[in-house]
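Residue strings, one per chain:
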Amino acid sequence: MKFYRNIPESVLIPVLVLPCVVLFHSCTEAEDGGYSPDGDNSIVFYIDSGLDAEMYSKAVIEDTDYLLDNALPIHVYNAVPSTQHFGDIDYQGNGLWYDSSMQWEDKEYLFYAYIESSVKGNGGTVSSPTQVTMVQPGSYSETADWADYLLSYRVSAHGAEKAPVRLQFERITTAVEFYMAGGSLDKIVLKEVTFSNVCRKATFQISRHGTPDDATGQFGMRNLWNVALDESDGNYVDYTWSGLKDLLPFEGESSRYDSKYRCMNFMTVYQPVSRDGLVKHLTVKYEVNGVENTAEFDLSESGPSEWQPGHRVRYSMTIDSEIHLQGIIEDWKEVGFIESTFLPGND
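This text gives an overview of the structure that appears in the document. Treat the numbers as computed from the prediction; the structure is a model and nothing was measured.

1. Things to note about the packing of aromatic side chains
Inference 1: The final tally for this structure, using the stated rule, is 23 aromatic pairs.
Inference 2: Where F86 meets F111, the ring centres are 6.3 Å apart and the plane angle is 45°; that geometry is what we call tilted. Linking F86 in strand β6 (residues 84-89) with F111 in strand β9 (residues 108-116), this pair joins segments that are 25 residues apart in sequence.
Inference 3: We classify F86 as partly exposed; its relative accessible area is 23%.
Inference 4: Here F111 falls in the buried class, since its relative accessible area comes to 0%.
Inference 5: With centroids separated by 5.0 Å and ring planes inclined at 10°, the aromatic side chains of Y109 and F111 adopt a geometry described as stacked. For the residue pair Y109 and F111, the accessibility class agrees, reading buried in each case.
Inference 6: The rings of Y140, W146, F178, F195, Y239, F266, W307 and Y315 are connected pair by pair, giving a single aromatic cluster.
Inference 7: Across the ring face of Y153, the terminal group of R222 is positioned such that the distance to the ring centre comes to 5.8 Å.
Inference 8: Lying over the aromatic face of W307, K280 brings its terminal NZ or CZ to 5.2 Å of the ring centre.

2. Describing the pattern of salt bridges
Inference 1: For the structure on display, the rule yields 13 salt bridges.
Inference 2: Ionic pairing is found between K191 and E292, a salt bridge with its closest N-O pair at 2.9 Å. Within this pair, whereas K191 is found in strand β17 (residues 188-199), its partner E292 is found in strand β26 (residues 291-298), the two being separated by 101 residues in sequence.
Inference 3: By relative accessible area, K191 is classed as partly exposed at 24%.
Inference 4: For K201, the salt bridge goes to D230, with nearest N and O atoms at 3.5 Å. Of this pair, K201 sits in strand β18 (residues 201-208) while D230 sits in strand β19 (residues 224-230), and the two are 29 residues apart along the sequence.
Inference 5: Exposure remark for K201: the relative accessible area of 25% places this residue in the partly exposed category.

Rules used in this analysis
- Residues numbered from 1 in each chain as written.
- Predicted model: local features only at pLDDT ≥ 70, side-chain atom pairs only at ≥ 80, totals over all residues.
- Heavy atoms only, no water.
- Phe/Tyr/Trp six-rings, centres within 6.5 Å; stacked < 30°, edge-to-face > 60°.
- Helix = DSSP H or I, 4+ residues; strand = E, 2+ residues; numbered from the N terminus.
- Buried < 20%, exposed > 50% of the residue type's maximum accessible area, 1.4 Å probe, protein only.
- Lys NZ or Arg CZ within 6 Å of the ring centre and 35° of its normal.
- Salt bridge = Lys/Arg side-chain N within 4 Å of Asp/Glu carboxyl O.

Laid out in structure tokens, this is it:
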């Protein structure tokens, strides 16, 4: 059985574009006023860093430092008059991607691109730039090969202008994080955390490929996807962290999601928290002054009803005279995922 969900768009628009002499200092000015590397006609791409957050998609990537520092390639397509794959375009430094074999012609273009994790997640594949089957690991570990995928909007260009092509990417994966803090008097040791009934496999099919000028939709995204969860045997799994972690005292709301309280984090595909009687649960085992305790939560009662694409879902548990669990959804605009990143993934 497969579950289908149409995933709408978000809040994004063109951003601050610095003069070529500043942002693209390896470019030279062509006779027609365009810019190209070393004076040739190579098509040049750069990734918009999304400086004005309020004008951008909730899933759009704003922090591009990791892409630049690790020189990740982008997979580029031209959609007119028919789809043409330009292949992998390598990062050339100075914030620019280009390939000397990819030259401007005097015609219209409609570009888009994608970036994927190198592992593709345990058998996940990119059938085409706009159809992705994603498979996350079957068990949790802090060094697991999580799959990640970013798709850009479509951008119009004309070869006569030779202008650098600005790409803006949205992410389709979801980050789930668990934070836990103790009380000020008792010694609390975390021993085990389990998220149950996590679907690890889904196929994403684009239903509308967004442009920078499109309106935004349900999840704050412009690219619209149909998502089919694969509910075959073995695709619903439990993710469990185990160990011994001394919990720090809770210092207040402003630090609730400080990294010092984070105990677990993983990547997943879009999915509802509860559907057809299958509910996700969070089970936490811990000791208070040497006495073992277990707390179990129905996540449909303790946070968002869906694990939305391109967002962080954060759960925080605190212990004082009572046990409290809260869940929130936040924008996830960085390429890097917490301290480690899922792009390009673990080789």
